[in-house]
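Chain and residue survey
The lines below spell out each chain.
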2 protein chains.
Amino acid sequence: MFQFSLSPVEGQMMADPLLISSIIQYADRYHQDTEIISRRVEGDIHRYTYRDCHKRARKMANALAALGVHAGERIGTLAWNGYRHLELYYAISGSGSVMHTINPRLHADQIAYIINHAEDQYLFFDITFLSLVESIAPRCKDVKGFVMLCGGEHMPATTTLPNLLCYEALLDQHSDDYAWPALNETAASSLCYTSGTTGNPKGALYSHRSTLLHSYATVQPNAFGLSSREVVMPVVPMFHVNAWGLPYSAPMAGAKLVLPGPLLNGNALFELIEDEGVTFAAGVPTVWLGVLDHVDKLGARFSTFKRIVIGGSACPPALMKAYRERHGVDVIHAWGMTEMSPVGAVCALHRRHDPLEHDKQQRLREKQGQAIFGIRMKIVGDRGEDLPWDGKTRGNLLVKGPWVLNGYFKGEGGEMQQDGWFPTGDVVTLDSDGYMQIADRSKDVIKSGGEWIGSIDLENIAMAHPAVQQAACIGVYHPKWDERPLLVVEKRAGTALDKESLLAFYEGKVAKWWLPDDIVFVDALPIGATGKVLKSEIRKQFKDFRFSAEPVRN
Amino acid sequence: MFQFSLSPVEGQMMADPLLISSIIQYADRYHQDTEIISRRVEGDIHRYTYRDCHKRARKMANALAALGVHAGERIGTLAWNGYRHLELYYAISGSGSVMHTINPRLHADQIAYIINHAEDQYLFFDITFLSLVESIAPRCKDVKGFVMLCGGEHMPATTTLPNLLCYEALLDQHSDDYAWPALNETAASSLCYTSGTTGNPKGALYSHRSTLLHSYATVQPNAFGLSSREVVMPVVPMFHVNAWGLPYSAPMAGAKLVLPGPLLNGNALFELIEDEGVTFAAGVPTVWLGVLDHVDKLGARFSTFKRIVIGGSACPPALMKAYRERHGVDVIHAWGMTEMSPVGAVCALHRRHDPLEHDKQQRLREKQGQAIFGIRMKIVGDRGEDLPWDGKTRGNLLVKGPWVLNGYFKGEGGEMQQDGWFPTGDVVTLDSDGYMQIADRSKDVIKSGGEWIGSIDLENIAMAHPAVQQAACIGVYHPKWDERPLLVVEKRAGTALDKESLLAFYEGKVAKWWLPDDIVFVDALPIGATGKVLKSEIRKQFKDFRFSAEPVRN
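Residues numbered from 1 in each chain as written. Chains lettered and ligands numbered in written order. Predicted model: local features only at pLDDT ≥ 70, side-chain atom pairs only at ≥ 80, totals over all residues. Heavy atoms only, no water.

What follows concerns the overall build of chain A. The secondary structure content of chain A amounts to 16 helices and 25 strands. C-alpha atoms of chain A, sized along the principal axes, occupy 75 × 65 × 50 Å. Buried residues in chain A amount to 63% of all 554 residues. For chain A, the accessible surface area stands at approximately 19,800 Å², while carbon and sulfur atoms represent 49% of it. Charge-centre separation for chain A: the mean point of 56 positive side chains lies 3 Å from the mean point of 63 negative side chains. (Helix = DSSP H or I, 4+ residues; strand = E, 2+ residues; numbered from the N terminus. Buried < 20%, exposed > 50% of the residue type's maximum accessible area, 1.4 Å probe, protein only. Areas by Shrake-Rupley, 256 points an atom, 1.4 Å probe, with all protein chains shown as cover. Lys, Arg positive; Asp, Glu negative; His and termini not counted. Charge placed at Lys NZ, Arg CZ, Asp CG, Glu CD.)

Structure, rendered in structure tokens:
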């Protein structure tokens, strides 16, 4: 591969492949005593080091070979963020098989579909998922055995699973004498399915090369800035696009790693942050809303916590400001997709932004950020024409780079390349410095009288209102304008709010013709398996909604 | 290439090659207004931006094509650190030719040899090198033309050069409409010769891939930690192993770049550091000694300067302490070789070292550091046997990695691989955390009665004495012990020092049998083309030296 315009002269450098196994080897060699802390499903806190992790990963690699697992075969996992899951990341990919992380929040039918589509040979799972696994096992035709991530004392007395093994017993049976194979760097290393809202889930099949380059790019100071001085807590699950690569990038940087297990509420996370001296964490906005609520209720302060990378969906500006201004915690926007490993952009401010006024800095931080080195972006119109980088023109975002997929697993996901560029499905602006801001998912854009209205802008304004917990804006049929915005709002517990005062809150913040035509209050917005508000569900709920009269705008 | 154990399943990620042109494209797109400052050979300070640099590099790429330069052909440069040299880095490598930087401090015969060996098609040079180039031109058989890095007003009225072109005139003739070609990432990109002390210079031929991976690895927080917040001044010359990669890594990170041109004295460098707000610089110890002397004489302070990476040779601990303790500037040891692009190790301290006592931290900082991610190391004995990482056992250092060469250009440099590892020629220790410390170059080790004495340790102690400017220690024939240490010392101007008091200074710092058998004071130590003390010259000078009597030790 990589045969483009061939130069007649090749460089004379070692053909040393980029391999995932080199990360855990490096962490062991150079950061042997650095700790990995896990909140276990069993309830307690587990502590060990990179050296221990590497040793157990080698044992597990021997165990996989003994189970008859071959290079390239997929091994499924249904597990929270914890040390055993981390060992599997290295044991499976490092030995040449494919680490297939599965999102347990999906519907059981989807999980069964994914396991069958991936042809998983074994399924490793946390004890919390035993009944889920039992319920789908009869449908998992390729799975030869099930491995529960626990010691013998937690194994069930009875089970309907045909071949249930104990993780710790497996480890005990094998030696740590294992040499990681010298694989082709373009070999498949891991597989994640996107939980699309329509159609079957689609698989993104990463390689060792793409994973290593993604790690190099994300540890950069302009991106996550990970070093051996940081204590890193991935709250984003390891079953969700490899926890944004942190299980690779944190060991590469020799950072202490804190894995929060299944408890993702504000109380549990704050406790870990304080007990373990967490400096850096990453997750979706809803999780950080929970932590903030908890800390504010306690009247507590963070002792060591400095930075949160927020992605998955845009961080409400109000949340960003609260962390920064009340707690001195820097909230950094990041943007990515399962199809790009996942990180594509990070919103770092540069030295040249230091003189900017506070408000201008904040508006910059609200953007999704600049492409990290290795990723290229462009915006195009509906006919594929290039659009200007002026911070105003909205276009379809295309991306390119060595950690962007060039096709879904088994070719099932439809045509997805445009002249070698991947269409993200996001409608965005790019400013003259290349800061990207998502206006909308292309399917969420509200098309009113031939013009586009960005649903995310309208949601962000609503969420800046102190009485609003969550808000979603969808386009609803309108006889005159084709579509007009309907705002669906979940109020904060114990607050009062009515339509008129929320509409008044928009005053001066958007053009009048962008104002929602109506507002509906609901008890709770539907949340999907990756923690995002499910607009597809809201659209279904309101498919027969009709605006009652002309909206409140002149 | 990279066909190792083939996995039956390939990842499905874009085959996007790692190319040098992507760096300047990125700096232009995302840091267009960030400045590049150059002290010109013409005497003034030149300022422009990454956008300007990219534009002129594209013009030069068109100029090269018009001159008939083909992919893979070598283009020589004899130039200081400046913006035109930087443009050539991108124009030449980016367009598929090979950037061949030549060290003007070498002897004219060696320069002519190198130009002929590389078959350079054109030679670009700074105006300071006109007479040098005129003197060697008749011997440069492949060079079709010479390009002087200046505007028309500086072109000589007469010259013996057969085809002398003007750089600015060339640029003026060409458009900036140029699309960087999609090369094979393993294509040759640049060529540096090592100025070995024996035999002919040997060429290290880098690839686009090796250069990009080296850049990713060096910008990491645990290595150079380069970001858009830094102002980076490479004092290490761009003709010396690509200025340790800074012409690539600084634009990748969007750092402001300060190029000091030909004036590398303390006065000129301090002026640039203060005027341009330099935060990070890199160079050999002698340069930083000059800056320190100047600043101390002035009684001045640094306003923005935070970090110096020192490599090339070990930094005397006294110099390291003076910067840290008197000026709050962190001196970071780095280690590398022309054969490894060049960075192999950086001495970063980790969070776990924070509780260490001051002295223990200092001893750690004096080591060359840990391999940066991507490089692997091991130490072996004279029969190739693996030696322990205990911080005590000295062995021959071998390295491996994607930016380590696998053979010299045209195969001329002898056998150099041992089972896929590159033998560095350094004798080192590795401690249990993988911190490497150079004991000596294998050829500089002093073999006394079958035991090794490290010349560098003896030099470092001498250089900690306030009256010592430079010191070099060599092994000299001894009838009983085979070799014994002779210390050759250059005193600081205006200080007094005699043998006895310097010998007394070693008391308690090394084993008695390590003490130099004699000390000789000289006016100046010989310095080579890369700024290092030339031990080969000192050995020649003292080849007939005989110790007068039994040394002062009991």
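What follows concerns the nonpolar core. Counting residues in hydrophobic clusters, the biggest one holds 189 residues, and the most contacted among them are Met377 of chain A together with Met377 of chain B. Apart from residues no more than four positions distant in its own chain, Met377 of chain B is found in contact with Tyr30 of chain A together with Trp335, Gly344, Ala345, Ala371, Trp389, Leu397, Leu398, Val399, Trp421, Leu430 and Met436 of chain B. (Core = buried A, V, L, I, M, F, W, Y, C linked by side-chain atoms within 4.5 Å. Contact = heavy atoms within 4.5 Å.)

Taken residue by residue, the interface counts 92 residues in chain B and 92 residues in chain A. Summing both sides of the interface, chain B and chain A together bury roughly 7,800 Å²; the carbon and sulfur share of this comes to 53%. Applying the counting rule to chain B against chain A returns six salt bridges. As a salt-bridge pair, Asp16 of chain A and Arg376 of chain B come within 2.5 Å of each other at their nearest N and O atoms. Counting across the chain B and chain A interface gives 52 residue pairs in polar contact (both at pLDDT 80 or more). Going through the elements one at a time, helix H1 (21–30), strand S9 (202–207), helix H7 (208–219), helix H9 (246–253), strand S16 (370–371), strand S17 (376–380) and strand S18 (395–400) of chain B are the ones with two or more residues in the side of chain B that touches chain A. Here the side of chain B that touches chain A is composed, by residue class, of 46 nonpolar, 30 polar and 16 charged. (Buried area = accessible area lost by both parts, 1.4 Å probe. Salt bridge = Lys/Arg side-chain N within 4 Å of Asp/Glu carboxyl O. Polar contact = N/O pair within 3.5 Å; in protein donor to acceptor, adjacent residues only side chain to side chain. Nonpolar A, V, L, I, M, F, W, Y, C, P; charged D, E, K, R; others polar.)

Our next topic: the relation of the copies chain B and chain A. Each copy superposes on the other: chain B lies on chain A with an RMSD of 0.1 Å after a rotation of 180 degrees and an axial shift of 0.0 Å. Both copies of the chain, as the preceding transformation shows, are related through a two-fold rotation axis. When C-alpha distances to the rotation axis are compared across chain B, the minimum falls at Gln220 of chain B, with a value of 2.6 Å. Of the residues that chain B buries at the interface, 100% are likewise interface residues in chain A, meaning the two copies contact each other through the same surface. (Least-squares fit on C-alpha atoms with pLDDT ≥ 70 in both.)

Here we come to the environment of Arg539 of chain A. Residues and elements named next belong to chain A. Here Arg539 shows up in helix H16 (residues 535–541). Overall, the relative accessible area of 26% leaves Arg539 in the partly exposed class. Taking the C-alpha atoms as reference points, Arg539 and Gly475, 64 residues apart in sequence, are found 8.2 Å from one another. Sequence-distant contacts of Arg539, that is, excluding residues within four places in its chain, are made with Lys443, Asp444 and Ile474. Engagement of the side chain of Arg539 in a polar contact is seen with the side chain of Asp444, the distance being 2.2 Å.

With an omega of 5 degrees, the peptide bond between Ser341 of chain A and Pro342 of chain A qualifies as cis. Along the polypeptide, Pro342 of chain A turns up in the loop between strand S14 (330–336) and strand S15 (343–346). Positioned with a positive phi, Trp244 of chain A is a non-glycine residue whose angle comes to about 55 degrees. Exposure remark for Trp244 of chain A: the relative accessible area of 6% places this residue in the buried category. Within the chain, Asp482 of chain B stands out as a residue other than glycine whose phi angle is a positive 75 degrees. Along the chain, the position of Asp482 of chain B falls in strand S24 (residues 482–491).

Turning our eyes to something else, we now look at the pattern of salt bridges. Residues and elements named next belong to chain A. Counted under the stated rule, the structure contains 75 salt bridges over all chains. Linking Asp330 and Arg324 is a salt bridge whose minimum nitrogen-to-oxygen distance equals 2.6 Å. By relative accessible area, which is 24% here, Asp330 ends up partly exposed. The class for Arg324 is buried, based on a relative accessible area of 18%. With a closest N to O distance of 3.4 Å, Arg383 and Glu385 form a salt bridge. Among the residues examined, Glu385 registers a relative accessible area of 29% and is labelled partly exposed. A single salt-bridge network, built from bridges that share partners, covers Arg40, Glu42, Asp44, Arg56, Arg84, Glu87 and Glu168.

Residues and elements named next belong to chain B. Strand order in the open sheet formed by seven strands is S7-S6-S5-S3-S4-S8-S9, and the pairing between neighbours is mixed. Two strands close off the open sheet at either side, each with one partner strand: strand S7 (164–166) and S9. Each strand of the sheet is rotated relative to its neighbour by a mean of 25 degrees, with strand direction disregarded. With respect to the sheet, helix H4 (residues 108–118) is in contact with strand S3 (74–78), strand S4 (98–101), strand S5 (122–125) and strand S8 (188–194), its orientation differing from that of S8 by roughly 150 degrees. (Pairing = 2+ DSSP bridges. Axes fitted to C-alpha atoms, helices over the stretch in contact; angles between N-to-C directions.)

Taken as a whole, chain A shows an average pLDDT of 92; of its residues, 96% reach a score of 70 or greater. Reported confidence for the predicted complex is 0.88 by ipTM and 0.89 by pTM. (pLDDT = per-residue confidence, 0-100.)

Time to look at the sheet that holds strand S2 (residues 45–49) of chain B. All names here are of chain B. What the nine strands build is an open sheet, ordered S2-S1-S11-S10-S12-S13-S14-S15-S16; its pairing is mixed. A single partner strand is all that each edge strand has here, and the edge strands are S2 and S16. As paired strands, strand S12 (residues 280–283) and strand S13 (residues 307–310) are joined by four bridges and run parallel to one another. Residue pairing in the sheet places Ala281 in a bridge with Ile308 of S13.

What follows covers the packing of aromatic side chains. According to the stated counting rule, one finds 39 aromatic pairs over all chains in the structure shown. Note on Phe542 of chain B and Phe545 of chain B: the rings are 6.0 Å apart at their centroids and 65 degrees apart in plane angle, and the pair reads as edge-to-face. What makes Phe542 of chain B buried here is its relative accessible area of 11%. For Phe545 of chain B, a relative accessible area of 17% gives the class buried. Each residue in the set Tyr26, Tyr30, Tyr216, Phe373 and Trp389 of chain A together with Tyr26, Tyr30, Tyr216, Phe373 and Trp389 of chain B is aromatic and connected to the rest through ring pairs, giving one cluster. When the ring centre of Trp389 of chain A is taken as reference, the NZ or CZ atom of Arg29 of chain B above it lies at 3.4 Å. (Phe/Tyr/Trp six-rings, centres within 6.5 Å; stacked < 30°, edge-to-face > 60°. Lys NZ or Arg CZ within 6 Å of the ring centre and 35° of its normal.)

To continue, consider the packing of helix H12 (residues 317–327) of chain A against helix H13 (residues 358–365) of chain A. Residues and elements named next belong to chain A. The contact between H12 and H13 brings their axes to 11 Å, and the two run at 125 degrees. One way to sum up the angle between H12 and H13 is to call them oblique. In the packing of H12 onto H13, the handedness of the crossing is right-handed. Of the residues in H13, those touching H12 at Pro317, Met320, Lys321, Arg324 and Glu325 are His358, Gln362 and Arg365. (Parallel < 35°, antiparallel > 145°, perpendicular 65-115°, else oblique. Left-handed = near helix turned anticlockwise from the far one by under 90°.)

So, on to the side chain of Gln370 of chain A. All names here are of chain A. With respect to the helices and strands, Gln370 occurs in strand S16 (residues 370–371). Residue classification places Gln370 among the buried residues on the basis of a relative accessible area of 4%. Only 2.8 Å separates the side chain of Gln370 from the backbone oxygen of Asp433, close enough to count as a polar contact.

A word on the packing of helix H3 (residues 83–94) of chain B against H9 of chain B. Residues and elements named next belong to chain B. One can describe the packing of H3 onto H9 by two numbers: an axis separation of 11 Å at closest approach and a directional angle of 85 degrees. Judged on the interaxial angle alone, H9 and H3 are roughly perpendicular. Where H3 abuts H9, its residues Leu86, Tyr89 and Tyr90 lie against Pro247, Tyr248 and Pro251.

Side-chain alternation along S12 of chain B places Phe280 and Ala282 of chain B on one buried face and Ala281 and Gly283 of chain B on a second face that is also buried. In this region the chain leaves S12 of chain B, passes through helix H11 (residues 285–298) of chain B and returns to the parallel neighbour S13 of chain B; the handedness of that crossover is right-handed. (Right-handed = clockwise from strand over helix to strand, strands pointing away.)

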